[in-house]
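Per-entry structural report
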Amino acid sequence: MSKLIVVIGATGTQGGSVVDTFLGETGWKIRGLTRNANSASAQNLKDKGVHEVVAANLDDVDSLVEAFKGAHTVFSVTDFWGLYSNPSNHEKAAAAGKAGNVYVAGVEIQQGKNVFDAAAKTDGLERLIFSGLSNATKWSKGKYPHVYHFDSKALAAEYGQKTYPDLWKKTSILQVGFYLNNVLTSPWMKPQKDENGVYVFSFSIPATVKLPLIATEEDTGPFTKALVEAAPEKNLIAYRAWQTMDEFLDIIRQVKGVKAVNKQLPSGTEWEAVPEELREELSENASYFEEFGYEGRDDPSLVHPKDLGVDVQLPSVADWVQKQDWSSVFT
Ligand SMILES: NC(=O)c1ccc[n+]([C@@H]2O[C@H](COP(=O)([O-])OP(=O)(O)OC[C@H]3O[C@@H](n4cnc5c(N)ncnc54)[C@H](OP(=O)(O)O)[C@@H]3O)[C@@H](O)[C@H]2O)c1
């Protein structure tokens with residue numbers, strides 16, 4: 001009998017990687033979840049060979065209970081930035097007298113709680129892999145309390161741990177590292193070409209800070225598979241390379257043969273490209289990385305890939321740079 005993995009966010013970056021990995025595994029069936037089973041991305045999943053594509057919504061716990069039925073494993077991801085980019089959430093935030101990021105953090109916490117509530121009702125569930133991030137408020141000892149998109153995921157996981165001890169024994173947290181493709185997709189991280197033809201990257205993260213860099217669209221699946229194979233109750237910081245942004249930029253220069261510099265932005269409120277209400281959050285985020293680690297390095301439950309007991313073989317960052325279409329960046 002095949003085992004069933006239910007993948008939240010199957011049409012997205014993290015979940016899409018999980019789908020790709022498990023499509024290549026014998027003995028597994030995949031149920032991909034989406035809000036709209038008739039969308040082009042849902043059709044794409046069916047065309048790829050995903051066995052079931054089912055509608056469910058993270059805001060609707062009953063839809064998750066239904067969608068999780070029969071699962072051996074559930075992979076869960078919640079999407080802070082998707083919520084933030086939805087104008088209706090800004091209307092709701094304004095009506096509630098809250099900043100947009102504060103409001104959507106509350107929604108994301110509830111969505112994560114919904115996943116735990118539904119998973120706790122799933123007979124036969126063996127593993128929940130919950131895509132989380134570290135609790136910046138907690139691991140900075142209160143110094144950085146505004147990194148909402150980190151804390152929201154951590155708070156949902158803490159709810160799961162406290163509320164469902166039996167489910168927690170089958171759960172692992174997958175802390176996905178800093179996406180390499182942020183430099184291609186993030187409006188705040190794309191480089192600008194200066195008058196001398198030099199591409200200016202403006203990372204706000206200090207040059208000396210090593211980050212867990214990950215090719216999310218390729219690596220989330222292999223790490224999820226490893227967490228299914230490993231004993232549960234892991235808190236894995238997942239990455240392809242542990243590098244500074246300057247080291248990453250060196251690789252880009254070498255592989256692409258472009259002139260590029262890292263004009264590091266001072267942390268603070270001088271980020272013109274960033275909406276004002278996000279500046280404090282992103283500034284604290286960078287300081288948190290520097291002083292306490294992306295992963296909240298003092299968290300005693302943390303596990304690095306080499307300590308997982310399951311070998312995860314990934315290509316290099318240079319391979320990733322080589323593979324990308326940089327035409328929208330290097331013009
Ligand atoms: N950028 C980084 O460096 C970084 C690093 C670590 C973690 N993260 C986190 O990664 C998360 C985003 O993950 P991603 O990159 O995989 O996002 P993505 O590519 O934008 O995909 C989002 C997925 O979530 C699904 N989804 C959204 N709202 C839903 C809802 N209400 N119910 C059910 N499904 C829903 C979407 O499915 P449908 O549209 O088909 O419904 C889609 O498949 C964010 O929370 C971010 O904080 C980012």
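Residues numbered from 1 in each chain as written. Predicted model: local features only at pLDDT ≥ 70, side-chain atom pairs only at ≥ 80, totals over all residues. Heavy atoms only, no water.

An unreviewed UniProt entry annotates the protein as NmrA-like domain-containing protein originating from Cladophialophora chaetospira. A UniProt comment under Sequence similarities (unreviewed entry) is attached to the protein, and it reads "Belongs to the NmrA-type oxidoreductase family." (UniProt positions renumbered as here; feature names shortened; annotations may be inferred.)

With that out of the way, let us pick up the side chain of aspartate 219. With respect to the helices, strands and loops of the structure, aspartate 219 is situated in helix α11 (residues 216-229). Overall, aspartate 219 belongs to the buried group, its relative accessible area being 0%. Among all residues touching aspartate 219, those that are not within four sequence positions of it are Ser17, Ile214, Arg240 and Leu314. (Helix = DSSP H or I, 4+ residues; strand = E, 2+ residues; numbered from the N terminus. Buried < 20%, exposed > 50% of the residue type's maximum accessible area, 1.4 Å probe, protein only. Contact = heavy atoms within 4.5 Å.)

Bringing the site of the ligand into the picture now. The environment of the ligand is made up of 25 residues, and the closest members are Thr11, Thr13, Thr34, Thr78 and Tyr179. The contact in question runs from an oxygen atom of the ligand to an N or O atom on the backbone of glutamine 14, over 2.9 Å. Aspartate 79 places a side-chain nitrogen or oxygen 3.5 Å from an oxygen atom of the ligand. Secondary-structure elements contributing two or more residues to the shell around the ligand are α1 (13-23), α4 (80-84), α6 (100-120) and β7 (178-179). Among the residues forming the shell around the ligand, the class breakdown is ten nonpolar, eleven polar and four charged. (Near = heavy atom within 4 Å. Polar contact = N/O pair within 3.5 Å; in protein donor to acceptor, adjacent residues only side chain to side chain. Nonpolar A, V, L, I, M, F, W, Y, C, P; charged D, E, K, R; others polar.)

One pass over the structure, following the stated rule, counts 19 aromatic pairs. Seen from their ring centres, phenylalanine 150 and phenylalanine 289 are 5.9 Å apart, and the 50° between their planes marks the pair as tilted. One end of the pair, phenylalanine 150, is in helix α8 (residues 148-163); the other, phenylalanine 289, is in helix α13 (residues 276-292), with 139 residues separating them in the sequence. A residue is classified by how much of its surface remains accessible, and phenylalanine 150, at 3% relative accessible area, is buried. Given the relative accessible area of 4%, phenylalanine 289 is considered buried. Ring plane angle 35° and centroid distance 5.6 Å describe the contact between phenylalanine 201 and phenylalanine 203, whose orientation is recorded as tilted. In this pair, the class of phenylalanine 201 matches that of phenylalanine 203, namely buried. An aromatic cluster of three or more residues is present, and its members are Tyr144, Phe150, Tyr288, Phe289, Phe292 and Tyr294. (Phe/Tyr/Trp six-rings, centres within 6.5 Å; stacked < 30°, edge-to-face > 60°.)

With the rule as written, the count across this model stands at 15 salt bridges. One continuous salt-bridge network, built from bridges that share partners, spans Glu218, Asp219, Arg240 and Lys323. (Salt bridge = Lys/Arg side-chain N within 4 Å of Asp/Glu carboxyl O.)

Space inside the second largest pocket adds up to approximately 390 Å³. Lining the second largest pocket are 18 residues, and of these Gln161, Trp168, Asn235, Asp299 and Ser301 sit closest to its centre. At four residues, the largest contribution of residues to the lining of the second largest pocket is made by α8. For the lining of the second largest pocket, a count of residues per class yields six nonpolar, seven polar and five charged. (1 Å grid on protein atoms, 1.4 Å probe; cavity = no way out; pocket = protein on both sides within 12 Å on 5 of 7 lines; lining within 4 Å. Points joined across faces, edges and corners; volume = space filled by probe spheres on them.)

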